[in-house]
Amino acid sequence: MDEKIYFFDTTLRDGEQVPGCQLNTVEKIQVAQTLDSLGVDIIEAGFPISSPGDFNSVVEISKVVTRPTICALTRAVKKDIEVAAEALQYAKYPRIHTGIGTSYYHIHYKLNSNPEDIIKRAVEAVKFAKKFVEDVEFYAEDAGRTENEYLARVIEAVIAAGATVLNIPDTTGYTLPDEFATKIRYLKENVKHIDKAIISTHCHNDLGMATANTISGVLNGARQVEVTINGIGERAGNTSLEEVAMILKSRQKELHLTSGIKTNKIYKTSRLVSSLMNMPVQPNKAIVGRNAFAHSSGIHQDGVLKNRENYEIIDPKDVGVKESSIVLTARSGRAALKHRLDILGYKLEKAELDKVYLQFLDLADKKKEIKDEDLEVLMGSFKREDRHIKLELLQVICGKSSVPTATVKVRMNGDVLSASATGNGPIDAAFTAVKHLTKRKVHLEEFLIQAITQGSDDLGKVHVQVKNRDKLYYGFSANTDIITASVEAFLDALSKIV
Ligand code: KIV
Ligand code: ZN
C-alpha cells in the first residue's frame, strides 16, 4: 500500500513574511479555504504573537476552516505559546509549532547560549505547549547546518517531552540533497522512539534545492512536507507545494507514496495566491508558470501534435490547466501552423499551406509571437472553410436624435432571413437583429475594434468572443466599414457554434 505524505502549507506564515505579500484577514480566510479544498492536511495560519493582525487571522481561520489542522507558530517562549494557544481556541484540530535554533551559528551568535541550555529550553517549550494542545510540532531551526549527533540529542529530548511532529528545517537552503538524505536517515536510525512522531521537512530555496531536498527527506523517512503555493517565502522562498505534489503523483508507481492533494485545483490556487499577494509567477516556473505547458520550438510542436507525451510528462488537465499551448513563433514548423489554422477553420491544401508558411515566417521574423488575429489577417486572401451563416445585407440608421436601428439579412443553411432591431447604438442594434435571426443563445464576452494604420480611411479589424454553453467562440473580420466588420465578425463566431 502507498504511504501518505502529509502536506503542511505555510503560505500564510512563511509565505506571508515576504515583503509586499501581506494579506488582510478576509484575504487570509479566502486563501485558507482554497487550501482546504486543495486538500492540504495542515495550514500554518500565522505567528500570533507577532502582531494583532496575525493573531486575529489565526482566530478567524480556526473558526471557518475545520477539516485541516490549524497550526500557529511560536518561539520557545512561554508568552508566545500562551498567545498561540489563545488564538487557536476555536480550532477543531489545533497544533502549536514551537522551536529554537540548533546550529552553531544560532546557538552562539543568535541566542547567545550553549548546546545544553538549548536542549533544556526546547524541552520546556514542548512541555508547556502540551498543557494547551495534544498536537505539538517542534522545529530545530537551521537543522540543515546542525551537526547530526547534536540534532539527534535535541530530537530525542523533545520526543520524550511529547512532540508529535519533528520539523527538520533547512532554514538557509544550504544543504545538498545527499546531505539532507543522510540527516533524515541518521535521525531515523539513531533517535530513540523516533517512530512515535512524524518527521517533517521544511526546506528553503536559496540554492534552488528546496524541492530536491524535500524529496530526499521523504525518500529517507520524512512523512510531512512543509511547502508554500508558488514556492513563495523568505528570501528565495520555500519548497513549492505544486512541485512536490506533482512529483509524488507522476512517480507514484516507483515511490509508492501518495498525498491528499487534489492536483486539478493547483493552477486555480496558484493564481489566487499570486493575485492576492501581488507576487507574479515566473513564466518558466515548474507546474504553474505560463510556459509550463507551452511549446515553441518546431521540433517539439511537431512531437506534441503527434503525441502529447513526446514532450510532456504531466497532462496539463491534472493541474487544472485546460490544454498545452503551441506558441507560434519564427521557430514553429508547418505542422503547428496547420494545427492552428485548422482550429480557426482554414483547411489548406499542401501547396496553399507552403505559400502561407512563407508569409507566416516573414511576419514571425517581425513579431515575437503570432496570435490568431495575425493569422486571420494573413489568411485574408484565402477562403475560409464555408461558413453556413453569411451576411447578405446590412442597413443602419444612426446619428444624433435618431434611434439606432439595424436591418440585417443573412443566408443561413440556404435560406435568406431578415430582421430589424433597435439598440443603444448601430452595432448593438445589428447584433440584436442577428441574434433574432440565428436564435443562438450567446453572450458577448469580448468586442474589440482596432485600426490597422491610422487614417480615417483605415481598415478596421474587429475581434469578438462569444460564449455559448460555457464554450468560447472567436470571430474576426476586417472592413473599412466598422459596423459591417463587427457584424461579420459576430457571424463568424456564431457560425462556429455547431
Ligand atoms: O525556516 C525555518 O526554519 C522556519 C522555522 C520557523 C520553522 O521557518
Ligand atoms: Zn522557513
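Because the structure is a prediction, the values reported are computed rather than measured.

Enquirer: Honestly, the overall build of the protein chain in this entry has me stumped. Any pointers?
Expert: Across its full length, the protein chain carries 17 helices and 18 strands. For 498 residues, the compact-globule estimate of 2.2 N^0.38 gives 23 Å, and the C-alpha radius of gyration of the protein chain, at 30 Å, exceeds that figure by more than 25%. Oriented by its inertia axes, the alpha-carbon framework of the protein chain measures out at about 90 × 50 × 45 Å. Per-residue burial for the protein chain yields a buried fraction of 51% across its 498 residues. Nonlocal contacts in the protein chain, meaning residues at least 24 apart in sequence, comprise 64% of its contacts between residues at least 6 apart. Total accessible area on the protein chain is roughly 23800 Å²; 50% of this is exposed by carbon and sulfur atoms.

Enquirer: Help me understand the state of the cysteines in this model?
Expert: Between two cysteines, a covalent bond joining their sulfur atoms is known as a disulfide. In the structure shown here, the tally under the stated rule is 0 disulfides. Considering cysteine sulfurs only, Cys71 is the nearest to Cys21, which forms no disulfide, with 20 Å between them. Under the relative-accessibility criterion, Cys21 is labelled buried at 1%. Free cysteine: Cys203, not disulfide-bonded; nearest cysteine sulfur from Cys71 at 17 Å. What makes Cys203 buried here is its relative accessible area of 0%.

Enquirer: Explanation requested: the layout of surface pockets in the structure shown.
Expert: One simple way to see leftover space: roll a probe sized like a water molecule over the atoms. Roughly 1700 Å³ of internal volume is contained in the largest pocket. Along its surface, the largest pocket is lined by 38 residues, and Glu323, Ser324, Ser325, Arg340 and Asp372 are the ones closest to its centre. If you list the elements that add at least two residues to the lining of the largest pocket, you get α12 (298-306), β12 (325-326), α13 (334-344), α15 (372-378), β17 (460-468) and β18 (471-479). Residues belonging to the lining of the largest pocket are distributed by class as follows: 18 nonpolar, 7 polar and 13 charged. Structurally, the lining of the largest pocket is a two-domain feature, drawing no fewer than three residues from each of domain 2 (294-382) and domain 3 (386-494).

Enquirer: What's the story with the packing of helix α7 (residues 177-190) against helix α8 (residues 210-219) in this structure? I'm lost.
Expert: Each packed pair of helices is defined by two parameters, the angle between the axes and the distance between the axes. Contact pair α7 / α8: the axes reach a minimum separation of 8 Å and the direction vectors enclose 30°. Between α7 and α8, the crossing angle belongs to the class labelled roughly parallel. Of the two elements, α7 crosses α8, and the hand of that crossing is right-handed. Across from Pro177, Phe180, Ala181 and Ile184 in α7, the residues of α8 making contact are Ala212, Asn213, Ser216 and Gly217. For the contact of α7 with α8, the class distribution of residues is 5 nonpolar, 3 polar and no charged.

Enquirer: Whenever I open this one, the site of ligand 1 confuses me. Can you help?
Expert: Lining the immediate environment of ligand 1, one finds Arg13, Asp14, His97, Tyr139, Glu141, Asn167, Pro169, Thr171, His202 and His204. Here Thr171 contributes a side-chain N or O atom positioned 2.7 Å from an oxygen atom of ligand 1. Starting from 260 Å² of accessible surface for ligand 1 in isolation, the protein chains cover 93%. Every element with two or more residues in the shell around ligand 1 is listed here: β6 (135-141) and β7 (165-170).

Enquirer: What should I look at first to understand helix α14 (residues 350-366) in this one?
Expert: Note: α-helices contain 3.6 residues per turn, so residues at a spacing of three or four share the same orientation. For α14, with 17 residues, the first-to-last C-alpha span of 25 Å sits near the 24 Å given by 1.5 Å per residue. Check the buried side of α14 and you find it contacts α13 and α15.

Enquirer: Please clarify how the packing of aromatic side chains should be interpreted in this entry.
Expert: Under the defined criterion, the tally for this structure stands at 6 aromatic pairs. A centroid spacing of 5.9 Å and a plane angle of 20° characterise the contact between Tyr357 and Phe360, whose relative ring orientation is stacked. In this pair, Tyr357 and Phe360 both sit in helix α14, 3 residues apart, roughly one turn of the helix. Connected via pairs of aromatic rings, a cluster forms that spans Tyr104, Tyr105 and Tyr109. For the cation-ring pair, Lys63 lies above Tyr90, with the distance from its terminal atom to the ring centre recorded as 4.9 Å. One residue, Arg145, lies across the ring of Tyr105, its end atom 4.2 Å from the ring centre.

Enquirer: Is there a simple way to explain the side chain of Gln224 in this structure?
Expert: Along the chain, the position of Gln224 falls in strand β9 (residues 224-227). Polar side-chain contacts of Gln224 include one of 3.0 Å to the side chain of Arg95. A polar side-chain atom of Gln224 sits 3.4 Å from a polar atom in the side chain of Glu137. Other than its neighbours up to four places away in sequence, Gln224 contacts Tyr6, Phe8, Ile42, Arg95, Glu137, Val165, Ile198, Ile199, Ser200 and Thr201.

Enquirer: Sorry, what's going on with unusual backbone geometry here?
Expert: Only a minority of non-glycine residues have a phi that is not negative, and only a minority of peptide bonds are not trans. Although it is not a glycine, Asp142 adopts a positive phi angle of roughly 65°. Position of Asp142 relative to the elements: it lies in the loop between β6 and α6 (148-161). Classification of Asp142 as buried rests on a relative accessible area of 0%. Residues other than glycine seldom take positive phi values, yet Asn278 does so here, at roughly 55°. With respect to the helices and strands, Asn278 occurs in the loop between α11 (266-276) and β11 (294-295). We classify Asn278 as exposed; its relative accessible area is 63%.

Enquirer: Explain the coordination of the zinc ion (ligand 2) to me, please; I cannot follow it from the model alone.
Expert: Tetrahedral coordination by four donors puts the ideal angle at the metal at 109.5 degrees, and octahedral coordination by six puts it at 90 or 180 degrees. The coordination sphere of the zinc ion (ligand 2), as far as protein atoms go, consists of Asp14 (OD), His202 (NE2) and His204 (NE2), spread over 2.0 to 2.1 Å. Each donor residue of the zinc ion (ligand 2) lies on one chain, and together they are spaced D-x187-H-x1-H. Among the residues examined, His202 registers a relative accessible area of 5% and is labelled buried. Take His204: its relative accessible area is 4%, and that puts it in the buried class.

Enquirer: Honestly, the pairing of β7 in this entry has me stumped. Any pointers?
Expert: When a strand is regular, its side chains alternate between the sheet's two faces. Most of β7 is tucked away, with 6 of its 6 residues classed as buried. On β7, burial covers both faces: Val165, Asn167 and Pro169 on one face and Leu166, Ile168 and Asp170 on the other are all buried. Pairing between β6 and β7: 3 bridges, direction parallel. Paired with Tyr139 across the two strands is Asn167, which belongs to β7. Handedness of the crossover joining β6 and β7 through α6 is recorded here as right-handed. Where β7 lies against strand β8 (residues 198-203), 6 bridges are found, and the strand directions are parallel.

Reading the values: the criteria
Residues numbered from 1 in each chain as written. Chains lettered and ligands numbered in written order. Predicted model: local features only at pLDDT ≥ 70, side-chain atom pairs only at ≥ 80, totals over all residues. Heavy atoms only, no water. Helix = DSSP H or I, 4+ residues; strand = E, 2+ residues; numbered from the N terminus. Rg over C-alpha atoms; globule rule 2.2 N^0.38 Å. Buried < 20%, exposed > 50% of the residue type's maximum accessible area, 1.4 Å probe, protein only. Contact = heavy atoms within 4.5 Å. Areas by Shrake-Rupley, 256 points an atom, 1.4 Å probe, with all protein chains shown as cover. Disulfide = S-S within 2.5 Å. 1 Å grid on protein atoms, 1.4 Å probe; cavity = no way out; pocket = protein on both sides within 12 Å on 5 of 7 lines; lining within 4 Å. Points joined across faces, edges and corners; volume = space filled by probe spheres on them. Nonpolar A, V, L, I, M, F, W, Y, C, P; charged D, E, K, R; others polar. Domains from an automatic or database assignment. Axes fitted to C-alpha atoms, helices over the stretch in contact; angles between N-to-C directions. Parallel < 35°, antiparallel > 145°, perpendicular 65-115°, else oblique. Left-handed = near helix turned anticlockwise from the far one by under 90°. Near = heavy atom within 4 Å. Polar contact = N/O pair within 3.5 Å; in protein donor to acceptor, adjacent residues only side chain to side chain. Expected span 1.5 Å × (residues − 1). Phe/Tyr/Trp six-rings, centres within 6.5 Å; stacked < 30°, edge-to-face > 60°. Lys NZ or Arg CZ within 6 Å of the ring centre and 35° of its normal. Donors = N, O, S within 2.8 Å, 3.2 Å for Na, K, Ca; no water. Pairing = 2+ DSSP bridges. Right-handed = clockwise from strand over helix to strand, strands pointing away.

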